[in-house]
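Listed here are the chains, written in short residue letters.
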Amino acid sequence: MKLKSGRDLFHRWEGNPVLALEDMPFRCNTVFNGTPVKLGNEYLLLLRVEGQQGYSFFALARSRDGLHFEVHPEPVLLPAQEGLAAEYERGGIEDPRATFIDGAYYVMYTAVSGTGYRIALARTQDFLSFERIAAISEPGNKDGVLFPEKIGGLYARLDRPFGRGIGSIWLSYSRDLIHWGNAKLLLTPRPGYWDEFRVGASVPPIRTKHGWLEIYHGTKMTSSGPIYRAGSALLDLDDPSKVIARCTVPLLSPRTGYERVGDVGNVVFACGAIVEPDNSVKLYYGAADTCVCVATASLEDIIECTLNNHRPA
Ligand code: BMA
């Protein structure tokens, strides 16, 4: 399917999907929701894979150009089999988001168990071996993204606690990455808008001279289920609890066949982005919970769109 440019701010790569089931070197159900990093000359994508059993785990894909990827022959992180983490990961591990800080990559992910979703944290240097640090939320929280710098001497994250069934984005702080507090409500669903049902952080915040750029996901409920789209907000660099601008329109909406049809249709769901030296942004996203795609936009265009289509949170 060919799209006219201009329909979404992000332009899909015409070779999408970047990865689908037939690219996987082992049997599984689906591959989606990957978090990208650039390590040396390589692009790495830590991928959520849903196994045939139904629970998710992580695999790794490598690329020289950020478009053509090859998947490592074995999964790189499975749900914990022993220790405390085993209890919280019984239902799988989902939606990794990687941030480089203090000389290592920290991956926040969703640990799934019978008691609900928790945010968990692991550290890695190479995305092949991981050190689990802790589960860093109570059940009922997901979509954790870590800021790439300390703010006011503290680590900062966005997350999505599920208070009274309303999914909003919150901001909290930590001294040690394990204990989090001083939580503040940041972005709520907006009645009447594309993100009126739920919102959650998607991409770890990106520092720009206009503020922290957060590319988040928002949903609108319809009679055939939710539609997941990507939108943007700018947060104050020194005090990210201050929302500078929040775009009224989405930057990417499901439109193509591979975004409309799959295990969960009408979903674009990003877990990370790469800002290239020329300030183009490669947004990696899961499409219809069934494959991995990439779309690009210039950082300037995203910021301009956010500032010019602004409605206070
Ligand atoms: C969210 C998460 C994502 C998924 C999305 C659409 O709640 O579970 O992993 O891509 O729903 O199903």
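Residues numbered from 1 in each chain as written. Predicted model: local features only at pLDDT ≥ 70, side-chain atom pairs only at ≥ 80, totals over all residues. Heavy atoms only, no water.

Student: How would you sum up the sheet that holds strand E13 (residues 180-187)? Please name residues and give values.
Tutor: Working definition: the strands of a sheet are paired by backbone hydrogen bonds and lie parallel or antiparallel to each other. The strand order E10-E11-E12-E13 describes an open sheet built from four strands, whose pairing is antiparallel. Whereas interior strands pair on both sides, the edge strands pair on one side only; in this sheet they are strand E10 (141-146) and E13. This sheet shows a mean twist of 30° between the axes of neighbouring strands, independent of strand direction. (Pairing = 2+ DSSP bridges. Helix = DSSP H or I, 4+ residues; strand = E, 2+ residues; numbered from the N terminus. Axes fitted to C-alpha atoms, helices over the stretch in contact; angles between N-to-C directions.)

Student: Describe the pairing of strand E3 (residues 42-50), and please don't skip the residues or the numbers.
Tutor: The side chains of a regular strand alternate, first on one face of the sheet and then on the other. Here E3 lies mainly inside the structure; nine of its nine residues are buried. Here E3 shows two buried faces, one formed by Glu42, Leu44, Leu46, Arg48 and Glu50 and the other by Tyr43, Leu45, Leu47 and Val49. Pairing geometry for strand E2 (residues 30-39) and E3, over eight bridges, is antiparallel. The residue bridging Leu39 from the neighbouring strand is Glu42, located in E3. Where E2 folds back onto E3 in an antiparallel hairpin, the turn is made up of two residues, including Gly40, whose phi is positive at roughly 60°. As paired elements, E3 and strand E4 (residues 56-63) share eight bridges and run antiparallel to each other. Across the sheet, Glu50 pairs through a bridge with Ser56, a residue of E4. Linkage of E3 to E4, two consecutive antiparallel strands, is achieved through a turn of five residues, within which Gly54 is found at a positive phi near 115°. (Buried < 20%, exposed > 50% of the residue type's maximum accessible area, 1.4 Å probe, protein only.)

These values are about where atoms sit, not about what they do.
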